[in-house]
Amino acid sequence: MQVFCGKIPRDLYEDELIPLFEKCGKIWDLRLMMDPMTGLNRGYAFVTFTEREAAQEAVRQVWTHQRETKQSISQTNKKKRMKRAGLTRRKKYDKNKVSIK
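The following refers to the structure shown. (Residues numbered from 1 in each chain as written. Predicted model: local features only at pLDDT ≥ 70, side-chain atom pairs only at ≥ 80, totals over all residues. Heavy atoms only, no water.)

### Some remarks on the side chain of Thr48
How we decide: Each helix is a run of DSSP H or I of at least 4 residues and each strand a run of E of at least 2, with the numbering of both proceeding from the N terminus. We call two residues in contact whenever any of their non-hydrogen atoms come within 4.5 Å of each other.
Here Thr48 shows up in strand β3 (residues 41-49). Among residues more than four places away in sequence, those in contact with Thr48 are Met1, Gln2, Ile27, Trp28 and Asp29.

### Considering the sheet that holds strand β2 (residues 27-34)
Applicable threshold: Here, strands pair whenever DSSP counts at least two bridges between them. Angular values range over 0 to 180 degrees, each being the angle between N-to-C directions of two axes fitted as lines to C-alpha atoms, with helices fitted over their stretch in contact.
Ordered in space as β1-β3-β2, the three strands form an open sheet in which the pairing is antiparallel. Every other strand in the sheet has two partners, leaving β1 (2-6) and β2 as the edge strands with one partner each. Averaged over neighbouring strand pairs, the angle between their axes works out to 20 degrees when direction is ignored. Judged from the six bridges that link them, β2 and β3 form a sheet pairing that is antiparallel. Following the sheet pairing, Leu30 is matched in β3 by Val47. Strand contacts of helix α1 (residues 14-22): β1, β2 and β3, with the helix running at about 140 degrees to β2, the strand carrying the most contacts.

### Points about the packing of aromatic side chains
Here is the rule: When two rings of Phe, Tyr or Trp (its six-membered ring) have centres within 6.5 Å they constitute a pair, described as stacked for plane angles under 30 degrees, edge-to-face for angles over 60, and tilted for the intermediate range. Categorising residues by exposure relies on relative accessible area from a 1.4 Å probe, with only protein chains included: less than 20% of the type maximum marks a residue as buried, more than 50% marks it as exposed, and the intermediate range marks it as partly exposed.
Tallied over the full model, the rule gives four aromatic pairs. When the ring of Phe21 is compared with that of Phe49, the centres are 6.4 Å apart and the planes differ by 65 degrees; the resulting orientation is edge-to-face. Placement of the pair is Phe21 in helix α1 and Phe49 in strand β3, with a sequence separation of 28 residues. Given a relative accessible area of 7%, Phe21 falls into the buried group. Ring centres of Tyr44 and Phe46 lie 6.0 Å apart, and the angle between their planes is 90 degrees; this geometry places the pair in the edge-to-face category. Phe46 sits in the partly exposed class, given a relative accessible area of 23%.

### A closer look at the nonpolar core
Selection criterion: Here, nonpolar core means buried Ala, Val, Leu, Ile, Met, Phe, Trp, Tyr and Cys residues that are tied together by side-chain atoms lying within 4.5 Å of each other.
In terms of nonpolar packing, the biggest core is built from 16 residues, with Ile8, Leu17, Phe21, Leu30, Leu32, Val47 and Phe49 touching the most fellow members. For this core, the secondary structure elements donating two or more residues are β1, α1, β2, β3 and α2 (52-84).

### Side note on the pattern of salt bridges
Definition in use: The term salt bridge refers to a pairing of a side-chain nitrogen on Lys or Arg with a carboxyl oxygen on Asp or Glu at a separation within 4 Å.
Under the defined criterion, the tally for this structure stands at two salt bridges. A salt bridge links Asp29 to Arg31, with the nearest nitrogen and oxygen atoms 3.7 Å apart. The closest approach of N and O atoms between Arg60 and Glu57, which form a salt bridge, is 3.0 Å. With Arg60 and Glu57 both in helix α2, this residue pair falls three residues apart, about one helical turn. With a relative accessible area of 47%, Arg60 lands in the partly exposed category. According to the relative accessible area criterion, Glu57 is partly exposed, its value standing at 23%.

Now the structure itself:
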């Protein structure tokens, strides 16, 4: 069973990806798509597992990892972005204080 894996860091190669996916089960083939101009990967790969259960476990692991990292990154980055923009607190709009000239 073949699994698509996206959002792979560009500086990650087969020597690091294979051990990660082997934790889920036996791998038949791993194809990391490469950019011939830069020599870096294109950010996605196809992993073929020998058993369906291993492929399903890999999908679960990748999905859980992406979900956890996305939540933690979004929480920390939100505060940093607001601080850089000078928006430490949101001010409420008060209709009574607005004057139109």
